[in-house]
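Spelled out from the first residue to the last, the chains are:
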Amino acid sequence: IQSRVNHGFGRPYSWRGIPFGPGLFVAAFTFGLAHTLAGSEWIWSRTLFPFSYGIALGLIREKDGSVFAPSILHGLGDAPRAFFG
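These numbers were taken from a predicted model, which means no experiment stands behind them.

**A look at unusual backbone geometry**
Argument step 1. One non-glycine residue with positive phi stands out, namely Arg-16, at about 50 degrees.
Argument step 2. Its place among the elements puts Arg-16 in the loop between β1 (13–15) and β2 (18–20).
Argument step 3. Exposure remark for Arg-16: the relative accessible area of 73% places this residue in the exposed category.

**Regarding the packing of aromatic side chains**
Argument step 1. Across all of its chains, the model carries four aromatic pairs by this definition.
Argument step 2. For the pair Phe-31 and Tyr-53, a centre-to-centre distance of 6.2 Å together with 50 degrees between the ring planes defines the contact as tilted. Separated by 22 residues along the polypeptide, Phe-31 in helix α2 (residues 22–37) and Tyr-53 in helix α3 (residues 45–64) bring together distant segments of the chain.
Argument step 3. A residue is classified by how much of its surface remains accessible, and Tyr-53, at 25% relative accessible area, is partly exposed.
Argument step 4. Within the aromatic cluster, the residues linked to one another by ring pairs are Tyr-13, Phe-20 and Phe-25.

**So, the side chain of Asn-6**
Argument step 1. Considering the arrangement of structural elements, one finds Asn-6 in helix α1 (residues 2–9).
Argument step 2. Of note is the side chain of Asn-6, whose polar atom sits 2.6 Å from the side chain of Glu-62.

Rules used throughout
- Residues numbered from 1 in each chain as written.
- Predicted model: local features only at pLDDT ≥ 70, side-chain atom pairs only at ≥ 80, totals over all residues.
- Heavy atoms only, no water.
- Helix = DSSP H or I, 4+ residues; strand = E, 2+ residues; numbered from the N terminus.
- Buried < 20%, exposed > 50% of the residue type's maximum accessible area, 1.4 Å probe, protein only.
- Phe/Tyr/Trp six-rings, centres within 6.5 Å; stacked < 30°, edge-to-face > 60°.
- Polar contact = N/O pair within 3.5 Å; in protein donor to acceptor, adjacent residues only side chain to side chain.

Written as structure tokens, this is what we have:
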């Protein structure tokens, strides 16, 4: 999503030398929404934290140019739950 939206609208913004575009926000919103809908009830932290985390992962993706590093970080966040329930 992020690359496709950025392809259409460009990457006119920059933060600490990392260029990004509206695709970052669209992808972060989608990431937050997906994690919100995975829960059984609406809780703000289940929306705001994943959205913020999505922004961070998206910035890493913009800087690196790959989904590898953000994917590893996302997996590390899920690892304790996978191992310890």
